[in-house]
Amino acid sequence: MRRIIGLGVAAGLIAGGLAIGGAAAQTTVATDEALLSQNGQAAIADLRTCLASEDTLNVYYLIDSSQSLDRLDGQASGTGSDPDNVRAPILANSLEELGRLSENATVNWAAGFFSTEFSAEIEWHEWQEGGPEELEAAIEEEVPSGYTNWSAALKGAQDELAGRSGCRLLVWLTDGVLDLPDGEGDTTLTAAERAELDGLCSADGAFNEFRSDGVVVIGALLSKTAPPTASSEMQRLVEGENAAGEVCQLHPMPDAYAHGAFVEADAPDSLRRVFLQLGAQVGGGFPRPFDEDGSFWIDPGVASFRIILSGDWTLHPPEGSEMEVATAAAPSGWMEYDGEWTIDVGTTTPETHGKWRLERGSDDAPALFLYSGLAIRFDDTTTIVVGADGEASVTLDGQVLTADGTPADLSGLDHTLTATIVTEDGAPTQPFISLENATVNSANGAISIPMPDLGEANTIGVEAKIDPLVTVDHGLKLAPVTTQKESVEIVEPGDYPRVTAVEKVQDLIGARGEAVFNITVEAPAEGGEVCFEDPTIDSDPAGRDAGSWNWDVLPSGCTPVSADGEQFTVTAGNTTAADTDVVATLPVRLFAAESEASPDVYPEQNQNVPLAFHSSHPLNQGAIWPLALLLLAAGVLLPLLGLWLVNRLTAGLDVDNSLQRGAFAVKVQPSGVSFVDAPTSDTALSERFRYVTATEKVRVLDDPDVGRISPVVPWFPLIPPWYRIQPSSGRSIAVARTASRSGGSGEVRADGSVRFAQLPFDGFWMLVVSDAELARTQAGDPVNGNVVIYHRASSDGPAQYRERLTLITSDTKLRDAVDRARARGAQGATAIPAATTPAKNPGKAQPAAPARESAPADAGPPPRPGSGASSPGSPPPRPSGSQSGSAAPPPPPPSRSSGPPPRPSDR
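Throughout this document, residue positions are counted from 1 along each chain, in the order its sequence is written. Where totals are concerned, whole chains, interfaces and linings use all residues; where local detail is concerned, this predicted model gives features only for residues with pLDDT of at least 70, and gives and counts side-chain atom pairs only at 80 or more. As a convention, hydrogens and water are excluded, and side-chain values are obtained from all of the structure's heavy atoms.

Each helix and strand in the protein chain was counted, giving 14 helices and 48 strands. Across the 907 residues in the protein chain, those meeting the buried criterion constitute 48%. Only the protein chains shown count as cover for residues, and all accessible areas are computed by the Shrake-Rupley method using a 1.4 Å probe. A total of about 41600 Å² of accessible surface is found on the protein chain, and carbon and sulfur atoms cover 51% of it. Segments assigned H or I by DSSP are reported as helices when at least four residues long, segments assigned E as strands when at least two residues long, and all are numbered from the N terminus. To sort residues, take the accessible area from a 1.4 Å probe on protein chains only and compare it with the maximum for the residue type: under 20% means buried, over 50% means exposed, and anything in between is partly exposed.

As structure tokens, then:
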């Protein structure tokens, strides 16, 4: 209901309905920025604040009927300030709009006339249909006569408004300065008139009484025939200060005082425009100037806009909105147009946001007002929030609402919320008490205002204001949103019992055990009552169903609590045992001793009590010693296992993107080593080296011409990892060397593999000879083999590859290495069991094994002699030191690809 009043006024309080028929006035009026002074704006804010929180509006019309209005016996002479009595329909239409605010709003009105004396013409009564006609008829029938006695008029209005509850508004319309019957016959202020004005302006004068009583005064001067002093004197009385800086007493006014607004018009027709602009601002509109071309922006956060104008016009909606252009002759359905004065457009949809433009067909200056459509509503009572530690705080909750009563989204607006205590136990607070930490949620408009400790106060008045209120997109300023709640019942935390201590007695063990808590509840001297609800599980990593929990509270149900306090026992059990930590919440309902008799003043409060405990399986005593031994063993084994895992994770072959590999056929002779297929050109030689795919910590590297290269992690973690090169079946590694300082020649093991403690690839190379070639030859014979070279490319150019080959050809120990490989092969052959040795024909010499070409990498070489495996066509083992009957030709060099692979793209 309060929202309807506050927003209904936006439809036209005082002036929203003053748009009456008649010819458009082509007069110059005050611009929208200059219509009201700063004090006048404060008066509008005071009225809007009251109307947003009160259900009753009392409006009193104080109307000048002095001779200067110039209407005698219904015949106008044309020389007065309102010869056509335009004031009658203007004020009547304002009453029409006020009466139609809402079905739930009560509007009471009365009217009085003044000239030489004051006359209470129409007594107070509630607005009903026909009321505006009654007011208009009364003004029409009143014949102007006599002087302009402000003192008598204001004293009469003051008496009429005294004692009325709700919002109070005085609309004072006059056309001249104070004029008492002194016989001088002019408008110059006499000493008596000056004394009267000073009395009205004094600390105990009528206007300071209006302000201290919260009566908002709107003074309107029809200045067509008024003397120059009328405007300055009337503004000083109504607002407390005029444009010249002359003030009334008690200025600046105390914060609790209501402000007044002074407006001025130079003709009856322009009075319409002034009252229309005044009404737009009372209704929540904020003036906004047009751009030079008549354009203006509408952003998200602007609920509507109003344009006040007359004559011809054309209104262009934003480009791309698909809304049609509207004119005075053909207004559109998306607007409300009264046919003469006001255009109202709702702007809550995206298509209405953007740049609008107004074209005018007259010299009349239009006025633009923007509306937020927002209102603030407070909850009826304060709320007690009790923390987990039992400490309580008091908050006043509220809500920012849109024009249709839904929660407001403030994300498109820059806004600041302030809240103030304006009264305590019905008396004004001087100074006002600012409520710190008031917050508003931008997403849903929820307001939370923490309340201070007010001692003995139990009823206060609170005012909330959102100011400034500015759109984000183009910085469009909107009118502040204010409300005042005059009767907030403060419920102190001490009026309620509450849980002050939680003691965990034991955890939950097994499916038959229980977690136990002792809950201490304290209450005020008057006592109270608590009710425990079923707890809820906030966290149970075991995932047990909520229905599997068994909760119990003793004493159960709702229990009275005396001033001595009460202790409760809470137990929790579950039919499924689990090892985990559980967190639950115990809801407690709190009732004050007065809650049953005064539930509105002392509503139910709530406290959420956290419960945390450990859930575990029952302990098996028979498993203690085995478990202890297991833990002891684990204390020794786990570090060793951890060390082994570290070795396992860190051991690997690091191949970066600069590593290359080259393979060449060689002939090993007593005189040295010669490369069979190595190009003579350094450039061609460099192309024989191919890049190896980069990888880190690779576990296995298979070389097509050698075999498998891999790290070995011993099971005993104190032995460091090493690297093994296992030749493919049918091949022997004669030499494996690295130029690294940490390496050298690898250790050739009994199984033919080579062992390295460290294996850097910078200068690594291997000489590989097939077992068939070793069996075919003997010491001193030329031996065909392959050299595999791993090389880390540098920026030294192609010559670096020739240097690698030169280092190998200069190695004088390769011939001996080949002979040792042959000897190892012969030892392995003699160790083969007789059952697996091919049968020999005694007395018949065995032919020498024929030469064998190197097998392709993917086909694999024949089995090594002595390996225990045999295949058709494999030559028998050759006795050590035997001479070959005939020497077979050396095998051709192994096949190679025609060129090096492309280098990595990052090189």
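To continue, consider the state of the cysteines. In plain terms, two cysteine sulfur atoms within 2.5 Å form what is called a disulfide here. Scanning the entire structure with this criterion turns up three disulfides. Disulfide pairing is shown between Cys 50 and Cys 167; the S-S distance is 2.0 Å. One quick way to see it: the torsion about the S-S bond of Cys 50 and Cys 167 is about -110 degrees, and its sign makes the bridge left-handed. Of this pair, Cys 50 sits in helix α2 (residues 38–51) while Cys 167 sits in strand β4 (residues 167–174), and the two are 117 residues apart along the sequence. Its relative accessible area of 1% is what places Cys 167 among the buried residues. A sulfur-sulfur separation of 1.7 Å characterises the disulfide bridge that pairs Cys 201 with Cys 248. Here the disulfide of Cys 201 and Cys 248 is left-handed, its torsion about the S-S bond being about -120 degrees. One end of the pair, Cys 201, is in the loop between α6 (191–200) and α7 (206–212); the other, Cys 248, is in the loop between α8 (228–239) and β6 (260–265), with 47 residues separating them in the sequence. On the basis of relative accessibility, which here comes to 3%, the residue Cys 248 falls in the buried class.

This paragraph deals with helix α13 (residues 799–809). For α13, every residue scored as buried is listed here: Gln 800, Tyr 801, Arg 804, Leu 805 and Ile 808. Taken down its axis, α13 places every buried residue within 145 degrees of arc, on the same side. Exposed positions of α13 whose direction lies more than 90 degrees from the buried face are Glu 803 and Leu 807. Note that the arc is defined by the directions from the helix axis to the C-beta atoms.

By definition, two strands form a pair when at least two bridges between them are found by DSSP. Spatial strand order, β41-β42-β43-β46-β45: five strands in an open sheet with antiparallel pairing. Each edge of the open sheet carries a strand with a single partner, namely β41 (701–703) and β45 (747–748). Two elements, β45 and strand β46 (residues 754–756), share two bridges in a ladder whose sense is antiparallel. Bridge pairing links Glu 747 to Arg 755 in β46.

The method works on a 1 Å grid over the protein atoms by themselves. A cavity is a set of points holding a 1.4 Å probe that cannot get out, a pocket is an open set with protein on both sides within 12 Å along at least five of seven lines, and residues with an atom within 4 Å of a point line them. Grid points are joined across faces, edges and corners, and a volume is the space filled by probe spheres set on the points. All chains considered together, the criterion is met by one cavity of 30 Å³ or more. The calculated volume of the largest cavity comes to roughly 30 Å³. If you go around the largest cavity, the residues you meet are Asp 64, Leu 69, Arg 87, Leu 173, Thr 174, Asp 175 and Leu 222. Grouping the constituent residues of the lining of the largest cavity by class yields three nonpolar, one polar and three charged. Ten residue types, Ala, Val, Leu, Ile, Met, Phe, Trp, Tyr, Cys and Pro, are classed as nonpolar, four, Asp, Glu, Lys and Arg, as charged, and the remainder, Gly among them, as polar.

A few words now on the packing of helix α5 (residues 150–161) against α6. Packed helices, taken two at a time, are described by the angle between their axes plus the distance between the axes. To obtain each axis, a line is fitted to C-alpha atoms, and for helices this fit is confined to the stretch in contact; angles are then taken between N-to-C directions over 0 to 180 degrees. The interhelical angle for the contact between α5 and α6, taken along N-to-C directions, is 25 degrees, at an axis separation of 10 Å. Between α5 and α6, the interaxial angle falls into the category roughly parallel. Contact with α5, carried on its side by Trp 150, Ser 151 and Leu 154, involves Glu 196, Leu 197 and Leu 200 of α6 and no other residues of that element. Taken together, the residues of the contact of α5 with α6 sort by class into four nonpolar, one polar and one charged. Any angle between 65 and 115 degrees counts as roughly perpendicular, while under 35 counts as roughly parallel, over 145 as roughly antiparallel, and the rest as oblique. Pairs of residues are marked as contacts when any of their non-hydrogen atoms sit within 4.5 Å.

Because side chains alternate across strand β38 (residues 672–675), one face comprises the buried residues Val 673 and Phe 675, and the other comprises Gly 672 and Ser 674, none of which is buried. Pairing of strand β37 (residues 659–669) with β38, which is carried by four bridges, proceeds in the antiparallel orientation. Among the inter-strand pairings, Gln 669 is bridged to a residue of β38, identified as Gly 672. Turn length for the β37-β38 hairpin, with the two strands adjacent in sequence and antiparallel, is two residues.

Here we take up the packing of α6 against α8. Running from N to C, α6 and α8 cross one another at 25 degrees; their axes reach a closest spacing of 10 Å. Judged on the interaxial angle alone, α8 and α6 are roughly parallel. Residues Arg 194, Leu 197, Asp 198 and Leu 200 of α6 touch α8, and the partners they reach there are Glu 233, Arg 236 and Leu 237.

The subject of this paragraph is the nonpolar core. Among soluble globular proteins, nonpolar side chains are generally buried collectively. Residues belong to one nonpolar core when they are buried, are Ala, Val, Leu, Ile, Met, Phe, Trp, Tyr or Cys, and are joined through side-chain atoms within 4.5 Å. If you look at the biggest cluster of nonpolar residues, it comprises 74 residues, and the most contacted ones within it are Phe 305, Leu 315 and Met 451. In contact with Met 451, other than residues within four places in its own chain, are Thr 382, Val 394, Thr 395, Leu 396, Ile 421, Leu 435, Ile 460, Val 462 and Ile 490. In this structure, Leu 36, Leu 95, Cys 167 and Ala 261 belong to the second largest nonpolar core, which totals 38 residues.

All right, on to the pattern of salt bridges then. A carboxyl oxygen of Asp or Glu within 4 Å of a side-chain nitrogen of Lys or Arg is what we treat as a salt bridge. In the structure shown here, the tally under the stated rule is 21 salt bridges. The salt bridge involving Glu 604 is made with Arg 589; its shortest N-O contact spans 3.3 Å. Taken together, the positions of Glu 604 in the loop between β34 (580–592) and β35 (605–616) and Arg 589 in strand β34 put the pair 15 residues apart, joining distant regions of the chain. For Glu 604, a relative accessible area of 36% gives the class partly exposed. Salt bridges sharing common partners tie together Arg 194, Asp 198, Glu 233 and Arg 236.

This next bit is on the sheet that holds strand β8 (residues 295–298). With antiparallel pairing, the four strands of this open sheet are ordered in space as β8-β14-β10-β11. If you trace the sheet from one side to the other, it starts and ends with β8 and β11 (326–327), each paired once. The sheet contact formed by strand β10 (residues 313–316) and strand β14 (residues 354–360) spans four bridges and is antiparallel. Considered in β14, the bridge of Thr 314 is made with Glu 359.

This paragraph deals with the side chain of Asn 108. Mapped onto the fold, Asn 108 is located in strand β2 (residues 106–114). Since its relative accessible area comes to 12%, Asn 108 is described here as buried. Within the local environment of Asn 108, its side chain forms a polar contact with the side chain of Asn 58, the two groups lying 3.1 Å apart. For this analysis, a polar contact is any N or O atom pair within 3.5 Å, provided that within protein one partner can donate a hydrogen and the other can accept it, and provided that sequence-adjacent residues contribute only side-chain to side-chain pairs.

Our next topic: the environment of Glu 594. With respect to the secondary-structure elements, Glu 594 resides in the loop between β34 and β35. Taking the C-alpha atoms as reference points, Glu 594 and Gly 528, separated by 66 residues in sequence, lie 8.2 Å from one another. Excluding anything up to four places from it in sequence, Glu 594 contacts Glu 526 and Tyr 602.

Right, let's talk about the pairing of strand β32 (residues 558–561) for a bit. Only one face of β32 is covered, namely the face carrying Thr 559 and Val 561; the face carrying Cys 558 and Pro 560 is uncovered. Looking at chain direction, strand β29 (residues 528–532) and β32 are connected through four bridges and run antiparallel. Looking across to β32, one finds that Val 530 is bridged to Thr 559.

Along the chain, the position of Gly 339 falls in the loop between β12 (335–337) and β13 (342–346). For Gly 339 and Gly 311, which are 28 residues apart along the polypeptide, the C-alpha to C-alpha distance reads 9.7 Å.

What follows deals with the packing of aromatic side chains. Pairing of aromatic side chains requires ring centres within 6.5 Å, counting the rings of Phe and Tyr and the six-membered ring of Trp. Pairs whose planes differ by under 30 degrees are stacked, by over 60 edge-to-face, and all others tilted. Throughout the structure, instances matching the rule amount to 22 aromatic pairs. Between Tyr 60 and Trp 124, the ring centres sit 5.7 Å apart and the planes meet at 50 degrees, which makes this aromatic pair tilted. Linking Tyr 60 in strand β1 (residues 56–64) with Trp 124 in strand β3 (residues 118–126), this pair joins segments that are 64 residues apart in sequence. Residue classification places Tyr 60 among the buried positions, given a relative accessible area of 0%. Grouping aromatic residues by their ring pairs yields a cluster made of Phe 290, Phe 296, Phe 305, Trp 334 and Trp 356. Here, a charge over a ring is recorded when the distance from Lys NZ or Arg CZ to the ring centre is within 6 Å and its angle to the ring normal is within 35 degrees. Positioned above the aromatic ring of Trp 124 is the side chain of Arg 164, whose terminal nitrogen or guanidinium carbon lies 4.3 Å from the ring centre.

Before going further, it helps to examine unusual backbone geometry. Following His 251, the chain continues into Pro 252 via a peptide bond in cis, with omega recorded as 5 degrees. Structurally, Pro 252 can be placed in the loop between α8 and β6. Residues Leu 554 and Pro 555 are joined by a peptide bond in cis, for which omega reads -10 degrees. Its place among the elements puts Pro 555 in the loop between β31 (549–554) and β32. The residue Glu 322 is not glycine, and still its phi comes out positive at about 65 degrees.

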